[in-house]
Each structure stands twice: as structure tokens, then as C-alpha cells.
Amino acid sequence: MRITQNQMTRQYLNNTNSALTNMNEINNKILSQRKFTRASQDSVGAAKALIIRRNLEKTEMYKSNLDTADTIFSAAEKSLLSISNSSTTLTDSIVQGVNGTQGDDERKILAEQIRNIAKEMISQINTEYADRKLFGGTNNSTPPFSYDETTGTLNFNGVDINTNDITLFPKTKSIYLDVGLGMQFDASGNVDEQTVMDISLNGAEVLGYGTDADGDPNNIIALAYKTASLLENNDVNGARAMIEKINQAKSNLTI
């Protein structure tokens, strides 16, 4: 069989183009760091890659959501630490007020000082973070805690904090954060809490609500206001009894 010059040239060019194509594909793989660019090139590998990418996305979401939760709880912890520190100043003022050497005028001054501490505690618990009322539950429109000077009532989301039934406080539903597994629901349509994280903070639960067997508030701020009134009315024994209750309320602070 006779081989012509044209056949040799064509064969040479075909081999050269094939080599250039292969080299171009290799360069693309190196630059893109991808084994293939189309699923049809490796269907099994493409399926595995898709699974890996989905898992990576879930991991990134999990990390991002955990970072968000961490900043929220860190801000809440800082606020509660401030309240705890204020409660120490509060008890010091009460001890000074029940001292037998204090007169009526001095006790009135100390009562006003205690009210100022209570106001500072309200400011601390009403703290905001990322446009959220940290301890307001689902309430993000108004400060969760407020004190009514007229009635002498400390309110949480508009309801007297001395209310013993916590279900009567509004806007206290859970706020769920997907932890990257995909929010799932049980047969009843309720959120599966193993797939989410609850980042809502109920200020009534955190600071206490309702009253004890003596009819005194369980809430540390409400206790402060009551103690101020007792001192102002020169009820030394009543104010002294509040010290232990305030210390107990302080130890119950939690998130």
C-alpha cells in the first residue's frame, strides 16, 4: 500500500491536535482543580461530588448558625453578669439601710438608691443585640421589661411579673435555628428539637416570675423595688428579710 505525503501530513496534524486537546483538558483540570467539568464525563464521580458539596454546605450552615447562637448567648451572659454585679451593690445598700444607726432620712436616701439600681437592672435586661431584644422572647418591638410608677408593678411584655402562670406571658414562643441538618418535624407537625437550636430567651424565666409562699416576688428586680418601699416606710425587719430572697434570686439567674 502506497502512503502519500498528504496522508502522513494529515495523520501528523490529527495526532498534534489530539495532543493539544489532551493538554488543554489537563491544564483546565489543573487550573479549575476539577476532575471533570460535566457530569457526563464521570457520572459516578459527579454523584459523589454532589453529595460531598451538600455535606459541606450543611457544615458551613451549621458553623454559621453556631457562630450566631454563640454571639447571642455571649451578649446575654454579659447582660446577666452585669445584673449579678448590680445585685451585689443592691444587697450592700439594703444591709446599710437596715443598720440600726440609720435614721428615716438616710433610709429614704438609700431607698432611692435601690430604685436606681433596679432601673439599671431593667436597662441591662432590656439590652439589644443585632436588632433583637435579647430577653424579650419573640418580642422585638418594645423593651420587654418596664416599671409602672403609678401601680408599682414590674411588667414583662405588658404582664405583671408577679403572675404565677408563665403561659400568660405573651411573645414567649421558641425561636429555632437550623443546625445544618435541615429543620425536621414529627408526625404531629411539631419541630424535632434534635434538629434545631432554641435561641429565644424568656426574660421571665431568666429573672424569675410569680410570688413565693410569703407573697413576695421571685423576680430580683421586683424584689429590689419592694425593698425600696419597705425601707422608705422604715420597715427594717421587712427589708432585712428581702436580703436572703434577693441572694436566692441572684443564684437562680440562668440562660
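Each remark here, short or long, concerns the structure printed above.
Notes on the structure in this doc start here. The structure displayed is predicted, hence computed values, not measured ones.

Notes on the pairing of strand β4 (residues 153–156)
What you see with β4 is no split at all: Thr 153 and Asn 155 on one side and Leu 154 and Phe 156 on the other are buried throughout. Relative to β4, strand β3 (residues 145–148) runs antiparallel, the two sharing four bridges. Among the inter-strand pairings, Phe 145 is bridged to a residue of β4, identified as Phe 156. Linking β3 back to β4 in an antiparallel pair, the connection comprises four residues, with Gly 152 at a positive phi of about 70°.

Re the pattern of salt bridges
The final tally for this structure, using the stated rule, is eight salt bridges. A salt bridge links Arg 115 to Glu 112, with the nearest nitrogen and oxygen atoms 3.8 Å apart. Of the two residues, Arg 115 and Glu 112 both sit in helix α3 (residues 104–125), three residues apart, roughly one turn of that helix. Residue class for Arg 115 comes out buried when judged on its relative accessible area of 14%. Of the charged contacts in the structure, one is a salt bridge between Glu 232 and Arg 115, with a shortest N-O distance of 2.9 Å. Note that Glu 232 is positioned in helix α5 (residues 220–232) and Arg 115 in helix α3, a separation of 117 residues in sequence. Overall, Glu 232 belongs to the partly exposed group, its relative accessible area being 35%.

Quick look at unusual backbone geometry
The phi torsion at Asn 157 lies on the positive side, around 50°, for a residue other than glycine. Along the chain, the position of Asn 157 falls in the loop between β4 and β5 (159–160). Since its relative accessible area comes to 13%, Asn 157 is described here as buried. In the Ramachandran plot, Asn 234 falls in the positive-phi region, its phi being about 65° despite a non-glycine side chain. By the element assignment, Asn 234 lies in the loop between α5 and α6 (236–251). The class of Asn 234 is partly exposed, set by a relative accessible area of 36%.

Section: the nonpolar core
Core analysis: the largest hydrophobic core is formed by 45 residues, its most contacted members being Leu 90, Ile 125, Phe 135, Phe 145, Ile 161, Leu 207 and Ile 221. Those elements that provide at least two residues to this core are α2 (43–97), α3, β4, α4 (203–207), α5 and α6. If we skip the residues at most four places from it in the chain, Ile 161 touches Phe 145, Leu 154, Asn 155, Phe 156, Phe 169, Ala 204, Gly 208, Tyr 209, Gly 210, Asn 219 and Ala 222.

Topic: the packing of α3 against α5
For the pair α3 and α5, the least separation of the axes is 8 Å and the interaxial angle reads 165°. By the angle class used here, α3 and α5 are roughly antiparallel. Seen from above, α3 lies across α5 with left-handed handedness. Residues Arg 107, Lys 108, Ala 111, Ile 114, Arg 115, Ala 118, Lys 119, Met 121, Ile 122 and Ile 125 of α3 form the contact with α5, whose own contacting residues are Ile 220, Ile 221, Ala 224, Tyr 225, Thr 227, Ala 228, Ser 229, Leu 231 and Glu 232. Partitioned by chemical class, the residues of the contact of α3 with α5 number twelve nonpolar, two polar and five charged.

What counts, and at which threshold
- Residues numbered from 1 in each chain as written.
- Predicted model: local features only at pLDDT ≥ 70, side-chain atom pairs only at ≥ 80, totals over all residues.
- Heavy atoms only, no water.
- Buried < 20%, exposed > 50% of the residue type's maximum accessible area, 1.4 Å probe, protein only.
- Helix = DSSP H or I, 4+ residues; strand = E, 2+ residues; numbered from the N terminus.
- Pairing = 2+ DSSP bridges.
- Salt bridge = Lys/Arg side-chain N within 4 Å of Asp/Glu carboxyl O.
- Core = buried A, V, L, I, M, F, W, Y, C linked by side-chain atoms within 4.5 Å.
- Contact = heavy atoms within 4.5 Å.
- Axes fitted to C-alpha atoms, helices over the stretch in contact; angles between N-to-C directions.
- Parallel < 35°, antiparallel > 145°, perpendicular 65-115°, else oblique.
- Left-handed = near helix turned anticlockwise from the far one by under 90°.
- Nonpolar A, V, L, I, M, F, W, Y, C, P; charged D, E, K, R; others polar.

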